[in-house]
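# Descriptive structure summary
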Amino acid sequence: MGSAMDERFHRRQRWAARGALAAAALAALLPLVSGGLRGLLLLVAGLAGLALTAAALWWVLSRRGAVRIASAALAVVAPAGLITAFAAANLLWVVVLSLLLWCGAVWSGRYALRSTGLRSVRVKEYRTPPPLHPFLLLNPRSGGGKVGKFNLQEKAESLGARVVLLDPDQHQDVTALARAAVADGADLLGVAGGDGTQALVAAVAAEHGLPFLVIAAGTRNHFAMDLGLDRDDPSTCLDALTDGVELRVDLGFADDRPFVNNASFGVYGAVVQSPGYREDKVGAALERLPELLTRQSGPRLTATADGTVVADPQAILVSNNAYRMDDPFGFGRRERLNSGRLGVLAVRVDSAVEAAELLLSPRPEGLTVLTAQRVVVDADEPQLEVGLDGEALTMPAPVHCRIARRALRVRVPRDRPGVPEAPPRLDWRRLRKLAAAVGRTAVPTRTRRS
């Protein structure tokens, strides 16, 4: 019985690989077969239109006044003109069908590769007794008032937690509050607030070897997302106090400042310093970007990641574990939080041509993606503007970034949504081998734990 099931499984795998290759070939050939020379010319025009749109967007971000307005209009007119041209040539259906075939090829290819044992690493869960003296900091303004909306204080206190509400009208040192709680006997520290506040308290928990509770009551909750927590109902995070497990995850540091998500240098680090950024992010960005992107203001950066030098980028993002870059639906997520390596993403774009290359080229020269255990960000100015988990800081250059591997014990509910499995990277060479195989070609599906 088991042998027959394995054979059916491998048969589905082979046919999925064959389907992916066939759909990809049809997606590429359909415009040529249906439109002939005219289809080929329109395909070239389509690529040119995409490049022109990317260039127009670059001018929108890097210019002001009439040039910005004209570029914004061009960014709308160029794709609209392409659609009109394809429709006039009666080839719009070809474009739509080609896109659908390509989507089918991607889905089928990933299905075939997902069944070959090339699975993402799952974080090991540790069963530990519930805390006896949990201490929670709640920010009533965070996430537009989620603390009050979901009655987090009442539920936490009913579960035996000591709760301190942060005063929105005055600055409070959350690190000092967390240290005082540890001195008073707290055996768990937790936060309902933004990721910047989460990081500060998480560092205290890691320092004392205590479990840390993440309550997804912030605005975006990126850390909670990558932990697989319920971001729609933050009150469910409190279930970890009675029915929880622990995960061992990494914690990033920029000099002595902790971060759970990322440290951003250059363009974003400067934009978040703008006085009106919190109230109008788009307006603040459009105001600062022309000078920053054209290097009329801001420092010239250099990053050194485990010996690899990245010279003169406009933006550097150093993250606590690497972000996924190969899946548009999973962009902004991290496949792991316990790899012990920082993710590094650096962007250098100095012209509209380079902006187009960044969009169209599979390996643009202006984009650097790598991982490292240590990253040093230096500048030609003594101070660096840094966005640390979205918080605006100024730090002396150079800034040394490091990662403390599995230093943080995060307590999460045993029953939680979880993290979506990352789809496998499309490997066309492997798909060809699978499609040509006549017998078993893959190891049984397995999931590694670490």
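Refer to the structure above for everything that follows.
In this report, we go over the structure that sits alongside the text. (Residues numbered from 1 in each chain as written. Predicted model: local features only at pLDDT ≥ 70, side-chain atom pairs only at ≥ 80, totals over all residues. Heavy atoms only, no water.)

Let us look at the packing of helix α3 (residues 92–114) against helix α12 (residues 428–436). Packing of α3 against α12 leaves a shortest axis separation of 11 Å and a crossing angle of 75 degrees. With respect to their mutual orientation, α3 and α12 come out roughly perpendicular. The residues of α12 that touch α3, namely those facing Trp102, Ala105, Gly109, Ala112 and Leu113, are Trp428, Arg430, Leu431 and Leu434. Residues belonging to the contact of α3 with α12 are distributed by class as follows: seven nonpolar, one polar and one charged. (Axes fitted to C-alpha atoms, helices over the stretch in contact; angles between N-to-C directions. Helix = DSSP H or I, 4+ residues; strand = E, 2+ residues; numbered from the N terminus. Parallel < 35°, antiparallel > 145°, perpendicular 65-115°, else oblique. Contact = heavy atoms within 4.5 Å. Nonpolar A, V, L, I, M, F, W, Y, C, P; charged D, E, K, R; others polar.)

Another aspect to go through is the environment of alanine 372. Following the sequence through the fold, alanine 372 ends up in strand β13 (residues 367–372). The class of alanine 372 is buried, set by a relative accessible area of 0%. Along the backbone, alanine 372 and alanine 75 are 297 residues apart, and their C-alpha atoms lie at a distance of 37 Å. Dropping the residues within four chain positions of it, alanine 372 is found in contact with Ala305, Asp306, Arg341 and Leu342. (Buried < 20%, exposed > 50% of the residue type's maximum accessible area, 1.4 Å probe, protein only.)

Let us look at the environment of alanine 25. Looking at the secondary structure, you find alanine 25 in helix α1 (residues 2–62). Its relative accessible area of 37% is what places alanine 25 among the partly exposed residues.

With that settled, consider the nonpolar core. Nonpolar side chains tend to gather and get buried jointly when the protein is soluble and globular. Counting residues in each nonpolar core, the largest one holds 52 residues, and the members touching the most others are Leu136, Leu189, Phe212, Ile215, Phe223 and Leu227. When residues of this core are assigned to their parent elements, the largest contribution, six residues, is made by helix α7 (residues 195–208). In this structure leucine 136 touches Ala156, Ala161, Arg162, Val163, Val164, Leu188, Gly190, Leu213, Ile215 and Leu238, once residues within four positions along its chain are discounted. Counting residues in hydrophobic clusters, the runner-up holds 26 residues, among them Ala303, Leu342, Ala372 and Cys401. (Core = buried A, V, L, I, M, F, W, Y, C linked by side-chain atoms within 4.5 Å.)

A few words now on unusual backbone geometry. A cis amide bond, omega -5 degrees, links alanine 397 with the succeeding residue proline 398. Looking at the element boundaries, proline 398 is found in the loop between β16 (391–396) and β17 (399–413). Within the chain, asparagine 90 stands out as a residue other than glycine whose phi angle is a positive 60 degrees. A positive phi angle is found at aspartate 255, which is not glycine, with a value near 55 degrees. By the secondary structure assignment, aspartate 255 is in the loop between β6 (244–254) and β7 (257–259). Under the relative-accessibility criterion, aspartate 255 is labelled partly exposed at 25%.

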